[in-house]
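In case you want the letters, here they are:
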Amino acid sequence: MSETSADLAVVGAGPAGLLAAWRAALTGRRVVVLERAPVVGGMAGSFEVAGLRVDHGSHRLHPSIAPELRQVLGSLLGDDLQVRPRAGRIRLADRWVAFPLRSGDLARRLPRRFAAHAALDAVTGPLRRRRDDTFGEVVRAGLGPTVSREFYEPYVRKLWGVDAAELSGELARRRVSAASPGDVVRRLRRGADPSGRTFLYPRRGFGQICEALAEAVVDAGGEVRLGARVERLVRREHGTWEVRADGAEPLHVGRVWSTAPAAALVHAVRPGPPAAVLEAAGRLRHRGMVLVYLVVPRPRWTPFDAHYFPAEDLVFSRVSEPRNYRDSAEDPDDVTVLCAEVPATEGDRRWDATPEELGALVAGQLVAQGLPEPAHVAVEVRRLPRVYPQYRVGYDADLAEVERWVAHQPGLLTFGRQGLFVPDNTHHALAMGWAAAACLQRGGGFDEVGWARAREGFRTHVVED
């Protein structure tokens, strides 16, 4: 065996890691993907409930994906990658509003008081000034006090568990795609085009994307190891690495690319970072989510794919019906599944509630909103501890501290949604993996300048809802 038993170890088998691994393997490098879970995909994976493939919450691939990435996924998935119409709606002031937004629907359904105040805010927009750089102020100054107070502020408290004034304005710039009333108008015009009301989705669930990428890695000569939890990344002489995963012999590699959470990465590296870096990493925290799956004994619950609920008195932020995201003959005819997304923090009351308690709570609140009684016959629950990165005011200094230290470790790279502590979509994560592999050079080197340029591009990502 040579000094290095692989050229590249990729930690994490999510969209970013798998796409990077596949592109690297296509160049002839020996690539090993290490994934702690027994399946690929992470939060972008799928699994079965009552014989029906479901996702970890509501996922969809947006048409804004880069053309080259769409072409790649089309080549891997073929006709299984379907173009689907969007059919969502938002519960706003006890009324239903279509989502994506449509001008005619807004005119008919928006409460008059809300519409009148929002219109006045739009007119007076040029007079508003931002008092500080917080989420609440960015939205208030841009979209107006009415939209901020009635929609975003309660939604923020529900999702992130803190007040909008405690979160950085950068989160608003990354999460709120419309920064002004003019942007809203432009989105409404785009929504008038039928192509603006579609999304891409695989026939066998969103996880089929990662499953296809994992197969492609293997077909290209790479290896995907499941159930391999990385414990230590030991920096060796000459810039190489020893990867220690539980239950496996140490793996000697030339490079380590990690899509694991940034805090977990810095704790795994030996020799370890200074205390200041560890402390900064410890302050990069997430809000979690409890996913409550209700098994409903009927072919379909509603014709909508997702319902959004910004109101704080409801435990769920979104309820989706997976079978409405696709057209699949494999789905059973006599049952559907609802997925309720319940924001929670690990260890709090909602996090620790039993499936029966959560199922009853979700079903009761759905009926109270005028929706059909689920009459569910079973409940399954999955708990995700890291879903929404909490961009608290001052987070950027902590993130920069961690990123500077990682950047000075030869052969070590961090990217992906968790690795870069970002709230990005799947198409953004895929773009990160694509860019990382593009920086590999023929002689074994890495284009640091190209990667820095790509990193700056990642900072412009805006989440698509």
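Now for a quick tour of the structure.

Procedures and definitions
- Residues numbered from 1 in each chain as written.
- Predicted model: local features only at pLDDT ≥ 70, side-chain atom pairs only at ≥ 80, totals over all residues.
- Heavy atoms only, no water.
- Buried < 20%, exposed > 50% of the residue type's maximum accessible area, 1.4 Å probe, protein only.
- Helix = DSSP H or I, 4+ residues; strand = E, 2+ residues; numbered from the N terminus.
- Pairing = 2+ DSSP bridges.
- Axes fitted to C-alpha atoms, helices over the stretch in contact; angles between N-to-C directions.
- Parallel < 35°, antiparallel > 145°, perpendicular 65-115°, else oblique.
- Contact = heavy atoms within 4.5 Å.
- Nonpolar A, V, L, I, M, F, W, Y, C, P; charged D, E, K, R; others polar.
- Core = buried A, V, L, I, M, F, W, Y, C linked by side-chain atoms within 4.5 Å.

**Quick look at the pairing of strand S17 (residues 336–344)**
1) Next: Most of S17 is tucked away, with 9 of its 9 residues classed as buried.
2) Next: What you see with S17 is no split at all: Thr336, Leu338, Ala340, Val342 and Ala344 on one side and Val337, Cys339, Glu341 and Pro343 on the other are buried throughout.
3) Next: In terms of strand pairing, strand S16 (residues 318–320) meets S17 through 3 bridges, oriented antiparallel. Each residue of the ladder has a partner; that of Arg318, found in S17, is Glu341.

**A short note on the packing of helix H16 (residues 426–438) against helix H17 (residues 448–458)**
1) Next: Taken N-terminus to C-terminus, the directions of H16 and H17 make an angle of 170°; their axes are 10 Å apart at the nearest point. By the angle between their axes, H16 is roughly antiparallel relative to H17. Facing Ala431, Met432, Ala435 and Ala436 of H16, the residues of H17 in contact are Trp451, Ala454 and Phe458.
2) Next: Here the contact of H16 with H17 is composed, by residue class, of 7 nonpolar, no polar and no charged.

**Concerning the nonpolar core**
1) Next: Counting residues in hydrophobic clusters, the biggest one holds 123 residues, and the most contacted among them are Leu18, Phe135, Val243, Trp257, Val402, Phe415 and Trp451.
2) Next: For this core, the leading source of residues is helix H1 (residues 15–26), giving 8 residues.
3) Next: When residues no more than four places from it in sequence are discounted, the contact partners of Phe135 are Tyr152, Val156, Ala164, Leu167, Ser168, Gly169, Leu171, Ala172 and Val176.
4) Next: If you look at the next biggest cluster of nonpolar residues, it comprises 22 residues, including Val292, Leu314, Val362 and Ala363.

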